[in-house]
Amino acid sequence: MRRKSKNPSTKRRKPAARADRGQTKPRHNVLLVATRKGAWLFHGDKARRTWQADGPHFLGQIIHHLVLDPRDGKTLLAAASTGHLGPTIFRSTDFGRSWTEAKQPPAFAKATDGQKGRSVNHTFWLTPAHANEPGVWYAGTSPQGLFRSEDGGVTWSAFSNLNDDPQYRAWMGSEQDGTPDGPKLHSIIVDPRDPAHLYFAMSGGGVHETTDGGRNWTPMVQGMAVVDGFDAENVAFHDPHCVRLCPSNPDRLYQQNHCGIYRLDRPSRKWIRIGETMPRRVGDIGFPMVVHPRDDKVAWVLPMDGQTVWPRTSVEGRPCVYGTRNSGKTWKRLDDGFPKDQAWWTVKRQAMTADRRDPVGLYFGTTGGELWMSRSEGDGWTSIARHLPEIYAVEAADME
Amino acid sequence: MKVLIASPLHSYVNAREVDAAGTTLREMLADLDRRYPGIRFRMVDEQDLLRKHMRFFVNGEQVFDVEHALRPTDEVQIVQALSGG
């Protein structure tokens, strides 16, 4: 559908202004909410107290990730699929008033005769490239693949030789080695100081780094635990759920893993488990990882129950966020405003984020379709929306 | 030949039924994609496999291979499987 399509079910708004590029104070925030049945934009007022819903966009389509390009403040990319149709990527340059489909969505190379090739089930993760590379984007897919676009998301090609590298294919494993929604390549991170320095993570398949623009990749799994009984030396057994780089200190990364919460301070290559200081009955299992935009000692997680069969719900049915303000030495429970019991929330790895305001606003969406926020860095929580479809991803765009 | 288009793909063709040409299902899908860019990849993956929830019928008989031969008088139906939630 290379055509431009109007979205009849979308409430019309004027095109938004440029996004915050870190040089001026933002005037308001827009939340980009991707769900199993479409996408919504929530426009906040200056005080972040009221939110106006714009949507649904793509009603009925699975939207895995919806991301605004911070370099131009107007280009939106949406990673889409449906239960029946193949995956694609939609692009808008008028903040969702019209969408154009990618001419060449991410796709694996066709297998040679006699070989079994892979097919992209969906694009799971979208990351704008370096600020000095306008129009360049990266995409992570399920099953695990890494792709790059150099024309603003219109055409996509495999990035580096990763997708067909025999060692990486072994680490990626099969369909059975991934999440219930399929194995995923995610957490594509670009060093703000160097466009050739990238990280990505795979569930499963570990965390990886390149310092030469993708010509060579190196696993970075030292210090990360694996499920009991498995060999931590085997990269394939590592399951990072979400990795984030601190904007204020690009040498510091935080990670929520299947087996704990970690911090990495470069140039070290050894992850330090910082989740062991969480209360024992809560544990340090979860999916999202959120970092403060200006303070590398501050980060937040949303614990999930990882016992026995992995319920992936709020521990004991009592939702909470935990925050650290000292790099993981101690954690504080942040649940003021949440239900006190019988609330069995699940929050996916892309469904929690922060804005750039002061104090920082925190946001997350549940698989039950609830959208929550804190205007006070987690000290109090309020509901923005209920009754949305299953929320897959939440991003916060700071608008000038 | 006449090709019945599944409703999830109507946004590409703006019609319930279109005309297409080709001596195989592969050629017919290529013809559709020329005129309605992007439509093929939603139905057929990069390994030329029909997507698992899409169904192709030729004169009422289900076919599974993109090399299936077609005649100009054939009627092709593209439908989505009765699955989902």
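Residues numbered from 1 in each chain as written. Chains lettered and ligands numbered in written order. Predicted model: local features only at pLDDT ≥ 70, side-chain atom pairs only at ≥ 80, totals over all residues.

Quick word on the overall build of chain B
And then number 1: What chain B contains, in helices and strands, is 3 helices and 5 strands.
And then number 2: Going from N to C terminus, chain B has its helices and strands arranged as β-α-β-α-α-β-β-β.
And then number 3: In terms of overall dimensions, chain B has C-alpha extents of about 35 × 25 × 25 Å along its principal axes.
And then number 4: Relative to its 85 residues, chain B shows a buried fraction of 28%. (Helix = DSSP H or I, 4+ residues; strand = E, 2+ residues; numbered from the N terminus. Buried ≥ 20, exposed ≤ 12 C-beta atoms within 10 Å, placed from the backbone.)

Focus: the overall build of chain A
And then number 1: Looking only at helices and strands, chain A features 1 helix and 29 strands.
And then number 2: Relative to the 2.2 N^0.38 estimate, which gives 21 Å for 400 residues, the radius of gyration of chain A is 20 Å and therefore close to what a compact globule would have.
And then number 3: Dimensions of chain A, computed from the C-alpha atoms along their principal axes, are close to 50 × 50 × 40 Å.
And then number 4: Counting all 400 residues of chain A, 52% fall into the buried class.
And then number 5: Restricting to contacts in chain A with at least 6 residues of sequence separation, those with at least 24 account for 53%. (Rg over C-alpha atoms; globule rule 2.2 N^0.38 Å. Contact = placed C-beta atoms within 7 Å.)

Comments concerning the sheet that holds strand S11 (residues 145–149) of chain A
Residue and element names in this part refer to chain A.
And then number 1: The 4 strands lie next to each other as S9-S10-S11-S12, forming an open sheet whose pairing is antiparallel. Two strands lie at the open edges of the sheet, namely strand S9 (122–128) and strand S12 (157–158), each paired on one side alone.
And then number 2: The pairing of S11 with S12 spans 2 bridges and is classified as antiparallel. The partner of Arg148 across the bridge, within S12, is Ser157. (Pairing = 2+ DSSP bridges.)

Brief notes about the environment of Asn257(A)
Residues and elements named next belong to chain A.
And then number 1: In this fold, Asn257 is placed in strand S18 (residues 249–257).
And then number 2: Here Asn257 falls in the buried class, since 28 other C-beta atoms lie within 10 Å of it.
And then number 3: Between the alpha carbons of Asn257 and Asp239 there is a distance of 6.1 Å; along the sequence they are 18 residues apart.
And then number 4: Each residue touching Asn257, except ones within four places of it in the same chain, is listed here: Met224, Asp239, Pro240, His241 and Tyr262.

Regarding the sheet that holds strand S2 (residues 17–19) of chain B
Residue and element names in this part refer to chain B.
And then number 1: Ordered in space as S2-S1-S5-S3-S4, the 5 strands form an open sheet in which the pairing is mixed. With one partner strand each, in any of the chains shown, S2 and strand S4 (61–63) form the two edges of the open sheet. Ignoring strand direction, the axes of neighbouring strands in this sheet form an average angle of 30 degrees.
And then number 2: Of the pairings in the sheet, the one linking strand S3 (residues 54–58) to strand S5 (residues 75–80) comprises 5 bridges and is antiparallel in character. In the sheet register, Phe57 faces S5, and the bridge partner there is Gln77. (Axes fitted to C-alpha atoms, helices over the stretch in contact; angles between N-to-C directions.)

What about the interface of chain B and chain A?
And then number 1: With 18 residues of chain B at the interface, the matching set in chain A holds 18 residues.
And then number 2: Looking at the side of chain B that touches chain A, the elements that each hand over two or more residues are helix H1 (10–13) and helix H3 (39–43) of chain B.
And then number 3: A per-element tally of the side of chain B that touches chain A places H3(B) first, with 3 residues.
And then number 4: Looking at side-chain class alone, the side of chain B that touches chain A contains 8 nonpolar, 6 polar and 4 charged residues. (Nonpolar A, V, L, I, M, F, W, Y, C, P; charged D, E, K, R; others polar.)

Considerations on the environment of Pro339(A)
And then number 1: Along the chain, the position of Pro339(A) falls in the loop between strand S24 (332–334) and strand S25 (352–354).
And then number 2: Along the sequence, Pro339(A) and Gln104(A) sit 235 residues apart, while their C-alpha atoms lie 45 Å from each other.

A short note on helix H2 (residues 25–35) of chain B
Residue and element names in this part refer to chain B.
And then number 1: All buried positions along H2 are accounted for by Leu25, Met28, Leu29 and Leu32. On an axial view of H2, the arc spanned by its buried residues comes to 100 degrees, and they lie on one face.
And then number 2: In this fold, the buried residues of H2 make contact with strand S1 (2–4), H3, S3, S4 and S5. (Arc of directions from axis to C-beta.)

Topic: the nonpolar core
Residues and elements named next belong to chain A.
And then number 1: Leu32, Val33, Ile63, Leu66, Ala78 and Val394 are the most contacted members of the largest nonpolar core, which has 105 residues in total.
And then number 2: When residues of this core are assigned to their parent elements, the largest contribution, 6 residues, is made by strand S29 (residues 391–399).
And then number 3: Excluding its chain neighbours within four sequence positions, the residues that come into contact with Leu66 are Leu32, Ala34, Ala39, Leu76, Ala78, Ala393 and Glu395. (Core = buried A, V, L, I, M, F, W, Y, C linked by C-beta atoms within 7 Å.)

Remarks on unusual backbone geometry
Residues and elements named next belong to chain A.
And then number 1: Of note, the amide linkage connecting Ser142 to Pro143 takes the cis form, showing an omega dihedral of -5 degrees.
And then number 2: Among the secondary structure elements, Pro143 is positioned in the loop between strand S10 (137–142) and S11.
And then number 3: Residue Gly204 follows Ser203 across a cis peptide bond; omega there is -5 degrees.
And then number 4: Structurally, Gly204 can be placed in the loop between strand S14 (198–203) and strand S15 (206–210).

Looking at the confidence of the model for chain B
And then number 1: Confidence in the prediction of chain B, expressed as mean pLDDT, is 93, and 96% of residues score 70 or more.
And then number 2: Interface confidence for the predicted complex, given as ipTM, is 0.86, next to a pTM of 0.91. (pLDDT = per-residue confidence, 0-100.)

Let's talk about the environment of Met172(A)
Residues and elements named next belong to chain A.
And then number 1: Tracing the backbone shows Met172 in helix H1 (residues 166–172).
And then number 2: Met172 gets classed as buried once you count the C-beta atoms within 10 Å, which come to 24.
And then number 3: The spacing of Met172 and Gly55 is 117 residues in sequence and 36 Å in space, taken between C-alpha atoms.
And then number 4: Leave out the neighbours within four places in its chain, and Met172 touches Pro143, Gln144, Pro183, Met202 and Gly205.

Quick word on the pairing of strand S21 (residues 286–291) of chain A
All names here are of chain A.
And then number 1: Here S21 lies mainly inside the structure; 6 of its 6 residues are buried.
And then number 2: One ladder, built from 4 bridges, connects S21 with strand S22 (residues 299–303); its direction is antiparallel. Bridging across to S22, Met289 finds its partner in Val301.

Overview of the pairing of strand S26 (residues 362–365) of chain A
All names here are of chain A.
And then number 1: Covered by surrounding structure in S26 are Leu362 and Phe364 together with Tyr363 and Gly365, the residues of both alternating faces.
And then number 2: Of the strand pairs in this sheet, S25 and S26 are connected by 3 bridges, and their pairing is antiparallel. When the bridges of S26 are listed, Thr353 appears paired with Tyr363.
And then number 3: Bridge count between S26 and strand S27 (residues 371–374): 4 bridges; the pairing is antiparallel. Within S27, the residue paired with Leu362 across the bridge is Ser374.
And then number 4: Taken together, S26 and the strand that follows it, S27, pair antiparallel across an intervening segment of 5 residues, in which Gly369 is found at a positive phi of about 85 degrees.

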